[in-house]
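One letter stands for each residue in the lines below.
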Amino acid sequence: MTKIIAYFAACITLLAGGFIFPNSTLGDIFTGGFLALLAPLGIQTFAGRIHLRHFWYSLRYSRRDVRISAAYLFRIKVDGKYLLVRGARFPQYQPVGGVFKASAQGITFLQGIGARDDDLVGVDSTSEADLRIRIKGRHLSKFYAWYDTREGREDAPWREFHEELIKSNIIPANEFPYIFHNYVGRIVERIRFSEYADSLEILIADIYELLPNPSQEALLRATIAESSELFKWVDGVTIQRRGAVPGQPQQPYIAAHSAKIL
């Protein structure tokens, strides 16, 4: 954000210089400098567009309560099908993943901006330190700047992978002592009013893609033919249709956020 403001100020100064000293060498220098900075300004503005958006939210919704849920989702794809697991809290199928957790350092930061635990989910040993919180809108920019640094919070998808697939015996622990994955990107939804939360809400999802080795891929492929209530393998169209298949009985309900892994 600071870099963008500095670039913007420099551009304004150089542009003004071009108008103040028209048809002169000095004016040409100012104009040339303005044009030279214009491209970097555009690049910086594009790269920081989410930060700018949250800066605007901080101003517009300064006194409003905003619910934030920051999670990660795993894209696990074999032979054109995606692995979904049954949710622990809700009867739906969804990608492997869950809400990020804050460390002690992160909790100190969150306390400093007056963050409160989300009251939609009871706080227990499982949900403690979840990045599912409510803050005043004026702190949105500061929260996202902190979140983007990845400091003071969980920054790897292993915990939920282990809990939802290995601990539940869907896949064997001895074949998955470790995993490789790619970071695909981040989806930050625009602020909206959620009737479910009875509050303004911003949902953040970091997407990872599993990179299984040949042995791990073979084991995952073997589960496609299995029948289990714990997980389902479905194609992209089924995910987009939330489990509905024309001309067939209603399939298991698929959570809307599953589409984010496509």
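Scroll up for the structure.
What you see is a predicted model, and the numbers here were worked out from it, not measured in a lab. Here the residue numbering is sequential within each chain, running from 1 through the sequence in written order. Under the rules for a predicted model, residues below a pLDDT of 70 receive no local features and side-chain atom pairs below 80 are neither given nor counted, while totals for whole chains, interfaces and linings still include all residues. Hydrogens are left out, water is left out, and the side-chain values use all remaining heavy atoms of the structure.

### Brief notes about helix H5 (residues 140-149)
Note the cut-off: Burial here depends on accessible area, computed with a 1.4 Å probe over protein chains only, as a share of the maximum for the residue type. Under 20% is buried, over 50% is exposed, and the range in between is partly exposed. Secondary structure elements are defined from DSSP: runs of H or I of at least 4 residues count as helices, runs of E of at least 2 residues count as strands, and each element is numbered from the N terminus. Think of it as the arc spanned by the lines of direction from the helix axis to the C-beta atoms. In this analysis, two residues are considered to be in contact whenever any of their non-hydrogen atoms come within 4.5 Å of each other.
Within H5 the residues assigned to the buried category are Leu-140, Phe-143, Tyr-144, Trp-146 and Tyr-147. In a view along the axis of H5, the buried residues occupy a sector of 160°, so they form one face of it. If you follow the buried residues of H5, they end up packed against helix H3 (49-60), strand E1 (65-75), helix H4 (104-112), strand E7 (132-136), strand E8 (181-188) and strand E10 (199-210). Positive backbone phi, at 70°, marks Arg-150, one or two positions downstream of H5.

### Focus on the pattern of salt bridges
Selection criterion: Put simply, a salt bridge is a Lys or Arg side-chain nitrogen that is within 4 Å of an Asp or Glu carboxyl oxygen.
Here the structure, examined in full by the defined rule, presents 17 salt bridges. Of the charged contacts in the structure, one is a salt bridge between Asp-130 and Arg-132, with a shortest N-O distance of 3.2 Å. There is no split in this pair, since Asp-130 and Arg-132 are both buried. A single network of salt bridges, built from pairs that share partners, joins Arg-67, Asp-118, Arg-134, Arg-192 and Glu-201.

### A closer look at the nonpolar core
As a reminder, the rule being used: Among buried residues, the Ala, Val, Leu, Ile, Met, Phe, Trp, Tyr and Cys ones that are joined through side-chain atoms within 4.5 Å form a nonpolar core.
Counting residues in hydrophobic clusters, the biggest one holds 44 residues, and the most contacted among them are Ile-76, Leu-131, Phe-143, Tyr-147, Phe-161, Leu-165 and Ile-204. Once residues lying within four places of it in the same chain are set aside, the contact partners of Phe-143 are Ile-68, Phe-109, Leu-110, Ile-113, Ile-133, Ile-135 and Ile-204. Counting residues in each nonpolar core, the second largest holds 10 residues, with Leu-73, Tyr-82, Tyr-93 and Ile-207 among its members.

### With respect to a nonpolar patch on the surface
Quick note on the threshold: A residue counts toward a patch only above 30% relative accessible area and without a salt bridge, and it is joined to like-charged neighbours within 9 Å or, for Val, Leu, Ile, Met, Phe, Trp and Tyr, to nonpolar neighbours within 5 Å. Areas reported here follow the Shrake-Rupley algorithm with a probe of radius 1.4 Å; residue values treat only the protein chains shown as occluding.
Together, Phe-55, Trp-56 and Leu-59 give the surface a local cluster of nonpolar side chains, amounting to about 340 Å² of exposed area. Within the element layout of this structure, Phe-55 appears in helix H3.

### Topic: the packing of aromatic side chains
This is how the line gets drawn: Two rings from Phe, Tyr or Trp (for Trp, the six-membered ring) form a pair when their centres sit within 6.5 Å of each other. Planes less than 30 degrees apart are called stacked, planes more than 60 degrees apart edge-to-face, and all others tilted. For a Lys NZ or an Arg CZ to count as sitting over a ring, it must be within 6 Å of the ring centre and within 35 degrees of the ring normal.
This model, assessed by the stated rule, comprises 14 aromatic pairs. A centroid spacing of 6.3 Å and a plane angle of 50° characterise the contact between Phe-74 and Tyr-208, whose relative ring orientation is tilted. Taken together, the positions of Phe-74 in strand E1 and Tyr-208 in strand E10 put the pair 134 residues apart, joining distant regions of the chain. Using a relative accessible area of 0% as the deciding quantity, one classes Phe-74 as buried. A cation over an aromatic ring shows up here: Arg-150 above the ring of Tyr-183, its NZ or CZ 4.9 Å from the ring centre. Across the ring face of Tyr-147, the terminal group of Arg-153 is positioned such that the distance to the ring centre comes to 3.8 Å.

### Observations regarding the packing of H3 against H5
Working note: a packed helix pair is described by the angle between its axes plus the distance between those axes. This is how it is decided: Here an axis means a line fitted to C-alpha atoms, over the contact stretch when the element is a helix, while the angle between two N-to-C directions is reported on a 0 to 180 degree scale. Angular relationships are summarised with four words: roughly parallel below 35 degrees, roughly antiparallel beyond 145, roughly perpendicular across 65 to 115, and oblique for the angles in between. In the scheme used here, Gly and all other residues not listed as nonpolar or charged are polar, with Ala, Val, Leu, Ile, Met, Phe, Trp, Tyr, Cys and Pro taken as nonpolar and Asp, Glu, Lys and Arg as charged.
Viewed as axis vectors pointing N to C, H3 and H5 meet at an angle of 150°, and their least axial separation amounts to 7 Å. If you check the angle between H3 and H5, you find them roughly antiparallel. Between H3 and H5, the residues in contact are Ile-50, His-51, His-54, Phe-55, Tyr-57 and Ser-58 and Leu-140, Ser-141, Tyr-144, Ala-145 and Asp-148, respectively. A class-by-class count of the residues in the contact of H3 with H5 yields six nonpolar, four polar and one charged.

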